[in-house]
Amino acid sequence: MKKIFSTALVLMLMFTLLAACGKKDAETSATKEDKKITVGVVQTNANESDWRTANTKSFNEAFATAGFELKMVFGEGDHAKQISQAQQLIQEEVDYLVVLGLQSAGWEDVAKAAKTAGIPFIMADRKLDLSENLYTAMVCSDFLAEGNKAVDWLKTQKLDAYKIVVLGGDTGSSAQLGRSKAIEDGAKANKWDIVFNQNMKGWDETLAKQAVADLIATGTKFTVIYAENDNMARGACTAMDAAGITYGKNGTVKVIAFDANKWGLQNVLSGKFSLDVECNPLHGPRIVKLINSLKAGEKVEQNAYVDETTFDINSITQAIIDARKY
Ligand code: GZL
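This one's a predicted model, so the numbers in the text were calculated from it and none came from an experiment. (Residues numbered from 1 in each chain as written. Predicted model: local features only at pLDDT ≥ 70, side-chain atom pairs only at ≥ 80, totals over all residues. Heavy atoms only, no water.)

## Observations concerning the site of the ligand
Not every one of the 13 residues close to the ligand is listed here, only the nearest: Glu48, Ser49, Asp125, Arg126 and Asp259. Within the contact set of the ligand, an oxygen atom lies 2.8 Å away from a side-chain nitrogen or oxygen of Ser49. At a separation of 3.0 Å, an oxygen atom of the ligand approaches a polar side-chain atom of Arg52. Protein coverage of the free-state accessible area of the ligand, which is 310 Å², stands at 100%. Comparing atom positions with the cavity grids shows the ligand to sit within the largest cavity. Looking at the shell around the ligand residue by residue, the classes come out as four nonpolar, two polar and seven charged. Residues from two domains meet in the shell around the ligand; each of domain 1 (36–140 + 281–295) and domain 2 (143–279 + 312–322) gives at least three. (Near = heavy atom within 4 Å. Polar contact = N/O pair within 3.5 Å; in protein donor to acceptor, adjacent residues only side chain to side chain. Areas by Shrake-Rupley, 256 points an atom, 1.4 Å probe, with all protein chains shown as cover. 1 Å grid on protein atoms, 1.4 Å probe; cavity = no way out; pocket = protein on both sides within 12 Å on 5 of 7 lines; lining within 4 Å. Sits in = over half its atoms within 2 Å of the grid points. Nonpolar A, V, L, I, M, F, W, Y, C, P; charged D, E, K, R; others polar. Domains from an automatic or database assignment.)

## Concerning the packing of helix 7 (residues 205–217) against helix 8 (residues 230–243)
In the contact formed by helix 7 and helix 8, the axes pass within 7 Å of each other and the chain directions differ by 40 degrees. For the crossing formed where helix 7 meets helix 8, the hand is right-handed. Residues Glu205, Ala208, Lys209, Val212, Ala213 and Ile216 of helix 7 lie in contact with helix 8, whose contacting residues are Asn231, Met232, Arg234, Gly235, Ala236, Thr238, Ala239, Met240 and Ala243. The class makeup of the residues in the contact of helix 7 with helix 8 is nine nonpolar, three polar and three charged. (Axes fitted to C-alpha atoms, helices over the stretch in contact; angles between N-to-C directions. Helix = DSSP H or I, 4+ residues; strand = E, 2+ residues; numbered from the N terminus. Left-handed = near helix turned anticlockwise from the far one by under 90°. Contact = heavy atoms within 4.5 Å.)

## Observations regarding the packing of aromatic side chains
Under the defined criterion, the tally for this structure stands at five aromatic pairs. Aromatic rings pair up to connect Phe59, Phe63 and Phe68 into one cluster. (Phe/Tyr/Trp six-rings, centres within 6.5 Å; stacked < 30°, edge-to-face > 60°.)

## Quick notes on helix 6 (residues 174–190)
An ideal rise of 1.5 Å per residue puts 24 Å on 17 residues; helix 6 measures up with 24 Å between its terminal C-alpha atoms. Of all the residues in helix 6, the buried ones are Ser174, Ala175, Gln176, Gly178, Arg179, Ser180, Ala182, Ile183, Gly186 and Ala187. If you follow the buried residues of helix 6, they end up packed against helix 5 (143–156), strand 6 (163–168), strand 7 (193–199), strand 8 (224–227) and strand 9 (254–259). Two residues or fewer after helix 6 comes Lys191, characterised by a positive phi angle close to 55 degrees. (Expected span 1.5 Å × (residues − 1). Buried < 20%, exposed > 50% of the residue type's maximum accessible area, 1.4 Å probe, protein only.)

## Considering the sheet that holds strand 1 (residues 38–43)
Strand order in the open sheet made by the six strands is 2-1-3-4-5-11, with parallel pairing throughout. The open sheet is flanked by strand 2 (69–74) and strand 11 (303–305), the only strands paired with a single partner. This sheet shows a mean twist of 15 degrees between the axes of neighbouring strands, independent of strand direction. Against the sheet, helix 3 (residues 79–91) contacts strand 1, strand 2 and strand 3 (96–99), and its axis sits at roughly 175 degrees relative to strand 1. (Pairing = 2+ DSSP bridges.)

## Regarding the pairing of strand 9
The buried fraction of strand 9 is high, at six of six residues. Of the two faces of strand 9, both are covered, the one formed by Lys254, Ile256 and Phe258 as well as the one formed by Val255, Ala257 and Asp259. Bridge count between strand 8 and strand 9: three bridges; the pairing is parallel. Its bridge partner lying in strand 9, Tyr226 is registered against Ile256. The parallel pair strand 8 and strand 9 is bridged by helix 8, and the resulting crossover is right-handed. Bridge count for strand 9 against strand 10 (residues 275–278) is four bridges, and the pairing is parallel. In the strand pairing of strand 10, Ala257 is matched with Asp276. (Right-handed = clockwise from strand over helix to strand, strands pointing away.)

Rendered as structure tokens:
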């Protein structure tokens, strides 16, 4: 009798334990399923440019809609700070790490740490110098292609003289490297003169305005402003206004800009900018789609470049501008 009772007691204990484990597993899996996806985003600077503002807004809105928890940090022009911020996010065991690098180089250790931690490393905006085994995917712009579009357009202008002022972006960023390589190679191939070629820290509009004002003061003549974003192109226009130099549709200087913000395109329509090359900042939805695909175990394209176009005085209309999202 005693034996039957102790057997029954053991069986009861076993079933209770099993039920408890099952419940825990169920809770764990339920918690896992319900757990918000946490995404670490290492952004460049908060107020770098209108492009960057649109880009940050895109992440905030898309991640909120998707129900992702966003942990966004800003390097504020300091590459070393971005590296330590990325390492910190890995320590915090984010589910995904998205990097928009101030500099292309120097990301190997972070990428290796993310890989060791089992955290997918995603590049956005600017491709980084990483071998394909060190990142999961990228959603970036092809900056060399952007620059080549500007060079091809410049060729069609058949100017009497090509005296080009290059206002580069942040030195060492893939956006600056690609756009600068395009104009430098284009000038060499077409025997154009680059009369000024300097990168503006932080893509800064005021620095660009001052650089062009100083150049004008030296008496250097130029026929093209190649500004690697809208803000710096506007800075150059302010300097030319102050010096009485005409530009754009009926002017002596062609102004080329990149980003194609709405206000930049308004400057194309009004004839101030001659060309604006699109660089699309709306990466939020793209990264959400990518993360959802990864979460579902779907195969994703590792190297996805964003489709982008150009706008000049002959192609732009107010309707096109009004329909734009940034
Ligand atoms: C390009 C982006 C650049 C923009 C600038 O993708 O990284 O940085 O062209 C921005 O306006 O600040």
